[in-house]
Amino acid sequence: MNAVELLPINEFNGNISWGYNPNFYFAPDKAYGTPDDYKEFIDKCHEAGLAVILDMVFNQSDWQHPWYRMYEEGSNPMYNVTAPHAHSVLNDWNQGHPLVQKQWDDVLTYWLTEYKVDGFRFDLVKGLGDNNSYPNAGDSGTDAFNQSRIDRMRRLQQVIEKVKPGAYFINENLAGTQEENAMAAYGQLNWANLNDAGCQYAMGYPSGSGLDRMYAPYDNRTWGSTVSYLESHDEQRLAYKQNQWGATGVKGDLGKSMLRLGACAAQMIMSPGAHLIWMFSELGNDQNTKSASGDNNTDPKTVCWSLLDQPERAGLAETYSRLHRIRESFPELFSRSASFESKCSASDWTTGRVMISRAGDREVYTVINPSVIGKAGIKVDFAHKDNSRYRVMLNGYGTESKFDAVTGMVEVPANSFVVIGTAEMAGVTDLTDGDSDEDEVSICKDGIAISSDHPVNVYTLSGVRTAFSDGSGRRKIPLPSGMYVVRYGGKAVKVLVR
């Protein structure tokens, strides 16, 4: 994980909202804290090696925006009386008005400079086209290829690039391949919603359960151009649907439900490209996200830490953590230069699902058994018919798997998965006192000393990152007494600080 994305924080009416009803674009909402609180939060994220991305709502405003109140209703040149697209919410901005565009330029520049954020996610990009760019105001006209949306997002990107080159630029466009690939040509990312498929898999139903689209090229998108996800603020949680409509053997069985959520996470995280994890997914949160009317329930959400008192949910959190550690430790396996293949479609339900990444001498195989009942022998095309070359890196919580590289068979329990990697990737080197064999990591007073030209990440054994260093050469990292995993330059060392 390398970034935190916030729902819209611009000032809105009342104290309970998810921020998609903005009034004042230059002010953080009073319900969330002071400007100094925000700046401190962003600084702390940066210290931990995390970027901060803001969700921006340029499609509509609420009724308190000062420009809206300047004119009689229906005569405001900066707002459309009737939205030209099918997703009108509140008061639709006239995107072609020069003052509206200047407002967007100023807003982006302000948050990049004053608060030092690292990029933006733009809400409802389908509604940001020119008024005359939609063939009709219905779904067909809104979903059609729209060059003005491409041009508008590129212009906003150029504003950002003048202030912070390389800043994150994410579109919630959910449009066709032609339009999104045109945006990707400028380095922009696009949202990819796999909630329906994730829910089907989590509930235990083969139909519509394919998760291949986690990998952008399998969705006919440019490599690395999508932010794919299982859950977001707009959808029901997978665990909620498991409880309500899960298949026989899943509904009411916490162990199987959490195992299936872990397998969903593996199919997402082990696919190259960017992915979004919505808050508390890693806890198996099963709260209803909808109101009685079916709209989003925007009541304040609190972390249900008590969920971690249940071993099955704590195991899911550990699964998320260890999957992330694999990606962080071996980035070359998730790069564009790596070879990747995935068989995670609905048709792979009975034969088992397999994902393979290869880079140089390193290989990683993620093998998933979608069945609700029974172990499965899943055929895998190991590059080498040599069992000594491979090791199990991660099993689904509380399960064990077996593999035979000679025959190419992997035995995986129902609902679970296994990650198998080349031998040098599995495990960590133990270091208790004194120096490591390579004299790169050593125990010192109140911490560790490390000599490396790579970024250094220090984790607790539960997978929580507790220290980070982006420097080079010999440096000291202060740490309280305890056991840690130190990762740097594709290596991992377990250390005991006394």
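Participant: Hey, could you go over the overall build of the chain for me, with residue numbers and the actual values?
Facilitator: The helix and strand inventory of the chain stands at 10 helices and 27 strands. Taken over C-alpha atoms, the radius of gyration comes to 24 Å for the chain, in line with the 23 Å a tight globule of 498 residues would show. Principal-axis analysis of the C-alpha atoms places the extent of the chain at approximately 75 × 55 × 40 Å. Residues classed as buried in the chain amount to 52% of the 498 residues present. Looking at the chain alone, contacts between residues at least 24 apart form 64% of all its contacts between residues at least 6 apart. As presented, the chain carries roughly 21,200 Å² of accessible surface, and 51% of it is formed by carbon and sulfur atoms. On the chain, the mean spot of the 47 positive side-chain charges and the mean spot of the 62 negative ones are 4 Å from each other.

Participant: Explain the pattern of salt bridges to me, and be specific about the residues and the numbers.
Facilitator: Within this structure, the stated rule accounts for 25 salt bridges. In this structure, Glu-411 and Lys-375 form a salt bridge, with 3.7 Å as the shortest nitrogen-oxygen distance. Separated by 36 residues along the polypeptide, Glu-411 in strand E18 (residues 409–412) and Lys-375 in the loop between strand E14 (362–368) and strand E15 (376–379) bring together distant segments of the chain. By relative accessible area, which is 60% here, Lys-375 ends up exposed.

Participant: So, the sheet that holds strand E12 (residues 339–343): which residues are in play, and what are the values?
Facilitator: Strand order in the open sheet made by the five strands is E12-E13-E14-E19-E16, with antiparallel pairing throughout. Edge strands, defined here as strands with exactly one partner in the open sheet, are E12 and strand E16 (390–395). Taking each pair of neighbouring strands and ignoring which way they run, the sheet shows an average axis angle of 15°. In terms of strand pairing, E16 meets strand E19 (residues 417–422) through five bridges, oriented antiparallel. Note that in E19 the partner of Asn-395 across the bridge is Val-418. Relative to E16, helix H10 (residues 311–329) is tilted by about 140°, and along the sheet it contacts E16 and E19.

Participant: Requested: an account of the nonpolar core, with residues and values cited.
Facilitator: If you look at the biggest cluster of nonpolar residues, it comprises 42 residues, and the most contacted ones within it are Met-270, Leu-323, Phe-417 and Val-419. Mapped by element, the contributors of at least two residues to this core are helix H7 (195–203), helix H8 (238–245), helix H9 (254–269), H10, strand E13 (353–359), E14, E16 and E19. Of the residues forming this core, the biggest block, eight residues, is contributed by H9. What Met-270 contacts, discounting residues up to four positions off in sequence, is Ala-265, Leu-323, Ile-326, Phe-334, Phe-340, Met-355, Val-364, Thr-366 and Val-419.

Participant: Can you tell me about unusual backbone geometry, naming the residues and giving the values?
Facilitator: Apart from glycine, the bulk of residues carry a negative phi angle, and the bulk of peptide bonds sit in the trans form. The backbone phi angle of Asn-220 is positive, close to 60°, even though this residue is not glycine. With respect to the helices and strands, the residue Asn-220 is situated in the loop between H7 and strand E10 (226–229). Residue class for Asn-220 comes out exposed when judged on its relative accessible area of 55%. In this structure, Asn-415 is a non-glycine residue whose phi angle is positive, near 75°. Among the secondary structure elements, Asn-415 is positioned in the loop between E18 and E19. On the accessibility criterion, Asn-415 (2% relative accessible area) is buried.

Participant: Which residues make up helix H6 (residues 177–184), and what are the values?
Facilitator: Here H6 has its buried residues at Glu-179, Glu-180, Met-183 and Ala-184. Seen along its axis, H6 keeps its buried residues to an arc of 140°; they face one direction. If you follow the buried residues of H6, they end up packed against helix H5 (147–163), strand E8 (168–171) and strand E9 (189–193).

Participant: Pulling in residues and values, what's your account of the environment of Tyr-20?
Facilitator: One can find Tyr-20 in the loop between strand E2 (10–12) and strand E3 (22–28). What makes Tyr-20 buried here is its relative accessible area of 16%. Separated by 41 residues in the primary sequence, Tyr-20 and Ser-61 place their C-alpha atoms 8.0 Å from one another. A distance of 2.6 Å separates the side chain of Tyr-20 from the side chain of Asp-55, its partner in a polar contact. Within the local environment of Tyr-20, its side chain forms a polar contact with the side chain of His-233, the two groups lying 3.1 Å apart.

Participant: If you had to explain the environment of Leu-211 to someone new, which residues and values would you point to?
Facilitator: The topology assignment puts Leu-211 in the loop between H7 and E10. In contact with Leu-211, other than residues within four places in its own chain, are Leu-194, Ala-197, Gly-198, Leu-230, Gln-267, Cys-344 and Arg-353.

Participant: Any chance you could break down the side chain of Asp-348 for me, citing the residues and the numbers?
Facilitator: Counting through the fold element by element, Asp-348 comes out in the loop between E12 and E13. A polar contact of 2.9 Å, which involves the side chain of Asp-348, links it to the side chain of Ser-345. With sequence-adjacent residues up to four places away left out, Asp-348 is seen in contact with Lys-343, Arg-353 and Pro-370.

Participant: Can you explain the pairing of strand E27 (residues 491–497)? Please cite residues and give values.
Facilitator: Most of E27 sits out of view: five of its seven residues are buried. Pairing of strand E26 (residues 482–488) with E27, which is carried by seven bridges, proceeds in the antiparallel orientation. Each bridged residue has a counterpart across the sheet, and for Tyr-484 the counterpart in E27 is Val-495.

Rules used in this analysis
Residues numbered from 1 in each chain as written. Predicted model: local features only at pLDDT ≥ 70, side-chain atom pairs only at ≥ 80, totals over all residues. Heavy atoms only, no water. Helix = DSSP H or I, 4+ residues; strand = E, 2+ residues; numbered from the N terminus. Rg over C-alpha atoms; globule rule 2.2 N^0.38 Å. Buried < 20%, exposed > 50% of the residue type's maximum accessible area, 1.4 Å probe, protein only. Contact = heavy atoms within 4.5 Å. Areas by Shrake-Rupley, 256 points an atom, 1.4 Å probe, with all protein chains shown as cover. Lys, Arg positive; Asp, Glu negative; His and termini not counted. Charge placed at Lys NZ, Arg CZ, Asp CG, Glu CD. Salt bridge = Lys/Arg side-chain N within 4 Å of Asp/Glu carboxyl O. Pairing = 2+ DSSP bridges. Axes fitted to C-alpha atoms, helices over the stretch in contact; angles between N-to-C directions. Core = buried A, V, L, I, M, F, W, Y, C linked by side-chain atoms within 4.5 Å. Arc of directions from axis to C-beta. Polar contact = N/O pair within 3.5 Å; in protein donor to acceptor, adjacent residues only side chain to side chain.

By themselves these figures say nothing about function.
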